[in-house]
Amino acid sequence: MATFYLIYGWYNVFPWAIVALIIGYTGKNRRDGIINGAIFGYFLFLVYIYAGYKGRTDTSAMAKFILFDALFSLVGAFAGAIGAFIGNWLKGKIRK
């Protein structure tokens, strides 16, 4: 039951948010951390949306889905960048 909630429920936000914070915390500098967080978030959204697709398989529907997936994953990139930024900010606060 816990596996279901961690994979399919809204609870899966917590482990991925922790990963984004770790990415920002372990980055060499703020820029690298934010870029790596954005890449992580983009591909995380891309894979989750693609894995959950249960629509039609004709060419036009797939083309629209792929375009939607690629564009909506930009939200994931933004979220990953924010998480990494916060992780980098925490690194500055903890090390002082």
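Draft legend 1. Fine view of helix 3 (residues 30-51). Taking 1.5 Å per residue, 22 residues should reach 32 Å; helix 3 reaches 31 Å between its end C-alpha atoms and fits that length. Every buried residue of helix 3 is accounted for by G33, G37, F40, G41, L44 and I49. For helix 3, the angular spread of buried residues about the axis comes to 145°, placing them on one side. Residues of helix 3 that are exposed and point more than 90 degrees away from the buried face comprise R31, V47 and Y50. For helix 3, the capping residue at the N-terminal end is N29, with a side-chain oxygen 3.2 Å from the backbone nitrogen of R31.

Draft legend 2. How the structure looks around the side chain of K91. Turning to its location among the elements, K91 is positioned in helix 4 (residues 59-95). One buried charged residue, K91, forms no salt bridge at all, with the nearest opposite charge on D32 at 9.2 Å. The contact partners of K91, leaving out residues within four places of it in the chain, are Y25, G27 and K28.

Calculation notes
- Residues numbered from 1 in each chain as written.
- Predicted model: local features only at pLDDT ≥ 70, side-chain atom pairs only at ≥ 80, totals over all residues.
- Heavy atoms only, no water.
- Helix = DSSP H or I, 4+ residues; strand = E, 2+ residues; numbered from the N terminus.
- Expected span 1.5 Å × (residues − 1).
- Buried < 20%, exposed > 50% of the residue type's maximum accessible area, 1.4 Å probe, protein only.
- Arc of directions from axis to C-beta.
- Polar contact = N/O pair within 3.5 Å; in protein donor to acceptor, adjacent residues only side chain to side chain.
- Lys, Arg positive; Asp, Glu negative; His and termini not counted.
- Salt bridge = Lys/Arg side-chain N within 4 Å of Asp/Glu carboxyl O.
- Contact = heavy atoms within 4.5 Å.

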